[in-house]
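# Structural overview
What follows is the residue order along each chain.
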Amino acid sequence: MIWLVGCKGMLGRHLADKLEIAGISFTASDIEVDITDKKAVSSFCAGKNFSWILICSAYTAVDLAEDEREKAFAVNALGVKNIAEISRNSGAKIINFSTDYVFSGDNKNGFSENDKTGPSSVYGASKLEGEKMLTSLYDKYFIFRISWLYGPHGKNFVHTMQNLFGQKDELNVVDDQFGSPTYTGELADFIIDLIRSDSEKYGIYHFSGEGMTSWYEFAVEIYRLSIKYGITSGDVRINPVDSSRYPAKAKRPAFSYMIKNKLFNTFGYRPKDWKAALDEYIGGMKTGS
């Protein structure tokens, strides 16, 4: 049996879809099970023989976290700690999802799993603390650092851009922050295969689309594909601008591209080029696939 934690989030909902399609039995929970309360976690797990726990719950309000540090750390660190401590008794394998924000963003060549971390935001610090909690308390874990997540469920950059394409004829998008988008469908498929193989290749891994891009280039490609597949009509001009035009409370990493050689060397899997994954997603919007 699998426990899917945070089943109503962007990734959690897509994982639930994929688990159902795969015919894999799972129990799903969201805010009704407060993972920041160890007694609540223990009570929920009592009598259940979980073999895998997928932690998709997260505090992801990057700017708000600067003012809600305690809440961010409660969900992203304490919640993971509670699940890890309960799992030590049951032996359940844990999959936790972290972020590129654990890095400082000062390496133009990209970050590997062994590179020094140095988050510059409360959100990034809380996710890194969650990593530390899990790795120090338990040994049956997989941590996947992901970035720029998008998919069919919930609010994300792809949907935001497509909505704006229908409202405006000109948009400004920052072009001095670099990373790589992650499609929830591809990530979910990989997780399903990991579970099916009952893998024990524990550790920290990076998972995102191949190839580095900027938010501006990402937006341009979303527009091109949306036109191609008839999702968007009309002429929209997209302008590259410096991030100083849009000051935010939380500092974003300028370069947060994650190198995924460890993923390939361990599992023989290399994520799709980010443009190919985006094409697959937007192309499927018309058919609902």
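Structural data are supplied above this passage.
Residues numbered from 1 in each chain as written. Predicted model: local features only at pLDDT ≥ 70, side-chain atom pairs only at ≥ 80, totals over all residues. Heavy atoms only, no water.

### Considering the sheet that holds strand β10 (residues 203-206)
- Read from one edge to the other, the open sheet built from 6 strands follows the order β2-β1-β3-β4-β5-β10, with strand pairing classed as parallel. Every other strand in the sheet has two partners, leaving β2 (26-29) and β10 as the edge strands with one partner each. Sheet twist, expressed as the mean angle between neighbouring strand axes with direction ignored, is 15°.
- Strand direction decides the pairing type here: strand β5 (residues 141-146) and β10, joined by 4 bridges, are parallel. Across the sheet, residue F144 finds its bridge partner in β10, namely Y205. (Pairing = 2+ DSSP bridges. Helix = DSSP H or I, 4+ residues; strand = E, 2+ residues; numbered from the N terminus. Axes fitted to C-alpha atoms, helices over the stretch in contact; angles between N-to-C directions.)

### Some points on the packing of helix α3 (residues 69-90) against helix α4 (residues 122-137)
- Following both chains from N to C, one finds α3 and α4 inclined at 15°, their axes separated by 8 Å at the closest point. The angle between α3 and α4 places the two elements in the roughly parallel class. Here the hand of the crossing between α3 and α4 comes out right-handed. Contacts between α3 and α4 involve R69, A72, F73, N76, A77, V80, K81, A84, E85 and R88 from the former and V122, Y123, A125, S126, K127, E129, G130, M133, L134 and L137 from the latter.
- Within the contact of α3 with α4, the residues separate by chemical class into 11 nonpolar, 3 polar and 6 charged. (Parallel < 35°, antiparallel > 145°, perpendicular 65-115°, else oblique. Left-handed = near helix turned anticlockwise from the far one by under 90°. Contact = heavy atoms within 4.5 Å. Nonpolar A, V, L, I, M, F, W, Y, C, P; charged D, E, K, R; others polar.)

### A closer look at α4
- Taking 1.5 Å per residue, 16 residues should reach 22 Å; α4 reaches 22 Å between its end C-alpha atoms and fits that length.
- Looking at the buried positions of α4, the neighbouring elements they touch are α3, β4 (93-99), β5 and β10. (Expected span 1.5 Å × (residues − 1).)

### A short note on the packing of helix α1 (residues 10-22) against helix α6 (residues 184-196)
- Direction vectors running N to C along α1 and α6 enclose 50°, while the axes themselves pass 9 Å from each other. Classed by the angle they form, the pair α1 and α6 counts as oblique. Relative to α6, the crossing made by α1 is right-handed. Facing M10, L11, H14, L15, K18, L19 and A22 of α1, the residues of α6 in contact are T184, G185, L187, A188, D189, I191, I192 and R196.
- Its residues placed into classes, the contact of α1 with α6 shows 9 nonpolar, 3 polar and 3 charged.

### A short note on empty space enclosed by the protein
- One pass over the structure, following the stated rule, counts 1 cavity of 30 Å³ or more.
- Lining the largest cavity, in full, are D100, Y101, W148, Q177, F178, W215, R252, P253 and S256.
- Per-class residue counts for the lining of the largest cavity are 5 nonpolar, 2 polar and 2 charged. (1 Å grid on protein atoms, 1.4 Å probe; cavity = no way out; pocket = protein on both sides within 12 Å on 5 of 7 lines; lining within 4 Å. Points joined across faces, edges and corners; volume = space filled by probe spheres on them.)

### Description of the side chain of S226
- Take S226: it is sitting in helix α7 (residues 215-228).
- If we skip the residues at most four places from it in the chain, S226 touches Q162, F165, I231, T232 and I282.

### Thoughts on the environment of H153
- Inspection of the secondary structure assignment puts H153 in the loop between β6 (149-150) and α5 (157-165).
- Sequence separation between H153 and G23 is 130 residues, and the spatial gap between their C-alpha atoms is 21 Å.
- Once residues lying within four places of it in the same chain are set aside, the contact partners of H153 are M10, R13, H14 and D17.
- Within the structure, the side chain of H153 is placed 3.3 Å from the side chain of R13, a separation counted as a polar contact. (Polar contact = N/O pair within 3.5 Å; in protein donor to acceptor, adjacent residues only side chain to side chain.)

### Notes on helix α2 (residues 38-45)
- Listing the buried residues of α2 in full gives V41, F44 and C45. Mapping the buried residues of α2 onto a view down its axis gives an arc of 95°, with all of them on the same face. Set apart from the buried face of α2 by more than 90 degrees, the exposed residues are K39 and S43.
- Its buried side turned inward, α2 meets β1 (2-5), β2 and α3.
- Measuring from the side-chain oxygen of the N-cap residue of α2 to the backbone nitrogen of K39 gives 3.0 Å; that N-cap residue is D37.
- Within two residues after α2, G47 carries a phi angle of roughly 80°, on the positive side. (Buried < 20%, exposed > 50% of the residue type's maximum accessible area, 1.4 Å probe, protein only. Arc of directions from axis to C-beta.)

### Details of the pattern of salt bridges
- Following the criterion strictly, the structure yields 13 salt bridges and no others.
- A salt bridge links K249 to D67; the nearest nitrogen and oxygen atoms lie 2.9 Å apart. One end of the pair, K249, is in the loop between β12 (237-241) and α8 (261-267); the other, D67, is in the loop between β3 (52-55) and α3, with 182 residues separating them in the sequence.
- K228 is the salt-bridge partner of D279, the closest N and O atoms lying 3.3 Å from each other. In this pair, D279 sits in helix α9 (residues 274-285) while K228 sits in helix α7, placing the two residues 51 residues apart along the sequence.
- Within the structure, one salt-bridge network assembled from shared partners comprises K38, K81 and E85. (Salt bridge = Lys/Arg side-chain N within 4 Å of Asp/Glu carboxyl O.)

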